[in-house]
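Summary of the model geometry
These are the residues of each chain, in order.
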Amino acid sequence: MHLIACGQIKRALLCVALAGTTVFGAARDGDLLRGPGFLPDLQTHLNRANDNLKVNDFQGAMAQSDAILLNSDVKVYFDLATAPAYKQAQLREIFFDGADMWAPVIQNTVRFIETDRRSDADVVVGFRGNVQGYAAQVGGHATWRRIVRKLDDGSYDVEFKANISIRTVAPNGQAMNVAQMRHISAHEIGHILGLNDSDQIGDVMGPLVLNRPATKVSSRELDSLRKLRNEAMDIRRRSLSGWVLGFDRYTL
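Treat the numbers as computed from the prediction; the structure is a model and nothing was measured.

On to unusual backbone geometry. Positioned with a positive phi, L70 is a non-glycine residue whose angle comes to about 70°. Tracing the chain through its elements places L70 in the loop between α2 (58-69) and β3 (73-79). The class of L70 is buried, set by a relative accessible area of 12%. The backbone of N108 shows a phi angle near 70°, a positive value even though the residue is not glycine. Tracing the sequence through the fold places N108 in the loop between α4 (103-106) and β4 (111-114). Using a relative accessible area of 79% as the deciding quantity, one classes N108 as exposed.

Here it is, written out as structure tokens:
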């Protein structure tokens, strides 16, 4: 059985830049049991946010939580230079269909919208015939970074950038079909939203069995993402409340 499995997270010093790849491998049903959890960098942002709260640095706590929650509008630029013109609309639709698979959790809070300016993009998506990983051909690859900076005036700046590559041709020369590319798209979007890989076949964040791609996000995966976002939103609410109360005391 051929499958595409995701894994290999790489951390870079202070920028908390990470990468996830979709590697080709093989497995049998029942072999893979681990469900998705938070990515290590997202847990780091949660820990830092709680640390900020403990010392009444409410703006810092909000910035750390905002790095997790992302902007309400995430701008996406499609790099389709190598894609035939007649397929470009379909490839865009595949990506947005992958994003819609996470709608039960992110609906009304995160919206992926297209921009025609690469310089304005939060996420750059490329569809490639061949996607190369660290040591092998892979089905998909994503890199991302979340950076929280404290500025000289005491305020905070949050930066989020990501790149996603999605494979369009399998190593045997056959074209990847819509369902396979939709699974890969949803998987890599799951990474940039904050989820780690799952070892469970059938999970979007798990391996892609080429003849049985996932068609929806499992309840376990939705619960993991919901838990992450609820924790970040709770920190943000407490930070905002603390900041407002502190401001009122200062101005009375």
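Time to look at the environment of Q107. You can see Q107 is positioned in the loop between α4 and β4. Between the C-alpha atoms of Q107 and S72, which are 35 residues apart in sequence, the distance is 9.8 Å.

Counting 54 residues, the largest nonpolar core has F95, W102, F112, V123, V125, F127 and I164 as the members making the most contacts within it. The dominant element in this core, judged by the number of residues it contributes, is helix α5 (residues 178-193), at 6 residues.

Cut-offs used in this document
- Residues numbered from 1 in each chain as written.
- Predicted model: local features only at pLDDT ≥ 70, side-chain atom pairs only at ≥ 80, totals over all residues.
- Heavy atoms only, no water.
- Helix = DSSP H or I, 4+ residues; strand = E, 2+ residues; numbered from the N terminus.
- Buried < 20%, exposed > 50% of the residue type's maximum accessible area, 1.4 Å probe, protein only.
- Core = buried A, V, L, I, M, F, W, Y, C linked by side-chain atoms within 4.5 Å.

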